[in-house]
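Observations on the three-dimensional arrangement
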Amino acid sequence: MEEDLAAANALNGTVDNLAIIAGPAIGAGMLAFGPPPVAFAINAATFLLSAVLVMQMTARSTPTDVTEEGN
């Protein structure tokens, strides 16, 4: 379980760093090759897609004990 946590933390850091670099680069590319309204429309579409994906998420039906006593 601890090795999974280490891998998850590494992946989280990688995705965060990639988003910090790639996000502005993609936005600059959209502005360089197209008019600003198109860039804003694409950005709005990505937010809409994110909202749809988040709305589809569900919670666990039964709680899980993650303490030492719960094993």
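As the structure is a prediction and not an experimental result, all values here were calculated from the model. (Residues numbered from 1 in each chain as written. Predicted model: local features only at pLDDT ≥ 70, side-chain atom pairs only at ≥ 80, totals over all residues. Heavy atoms only, no water.)

1. Concerning the overall build of the protein
- Along the protein, the regular secondary structure elements total 2 helices and 0 strands.
- Here the C-alpha atoms of the protein give a radius of gyration of 19 Å, more than 25% beyond the 11 Å that 2.2 N^0.38 yields for 71 residues.
- C-alpha atoms of the protein, sized along the principal axes, occupy 60 × 25 × 10 Å.
- Evaluated residue by residue, the protein yields a buried proportion of 1% over its 71 residues.
- Of the roughly 6,400 Å² of accessible surface on the protein, a fraction of 70% belongs to carbon and sulfur atoms. (Helix = DSSP H or I, 4+ residues; strand = E, 2+ residues; numbered from the N terminus. Rg over C-alpha atoms; globule rule 2.2 N^0.38 Å. Buried < 20%, exposed > 50% of the residue type's maximum accessible area, 1.4 Å probe, protein only. Areas by Shrake-Rupley, 256 points an atom, 1.4 Å probe, with all protein chains shown as cover.)

2. Quick word on helix 1 (residues 2-33)
- For helix 1, which comprises 32 residues, the first-to-last C-alpha distance of 46 Å matches the rise-based estimate of 46 Å (1.5 Å per residue) to within 8%.
- Helix geometry: helix 1 is bent most strongly at A19, by close to 30 degrees. (Expected span 1.5 Å × (residues − 1). Bend = angle between axes of the 7 residues up to and from the residue.)

3. Some thoughts on the environment of A28
- Note that A28 resides in helix 1.
- By relative accessible area, A28 is classed as partly exposed at 44%.
- Spatially, the C-alpha atom of A28 lies 45 Å from that of T62, the residues being 34 residues apart in sequence.

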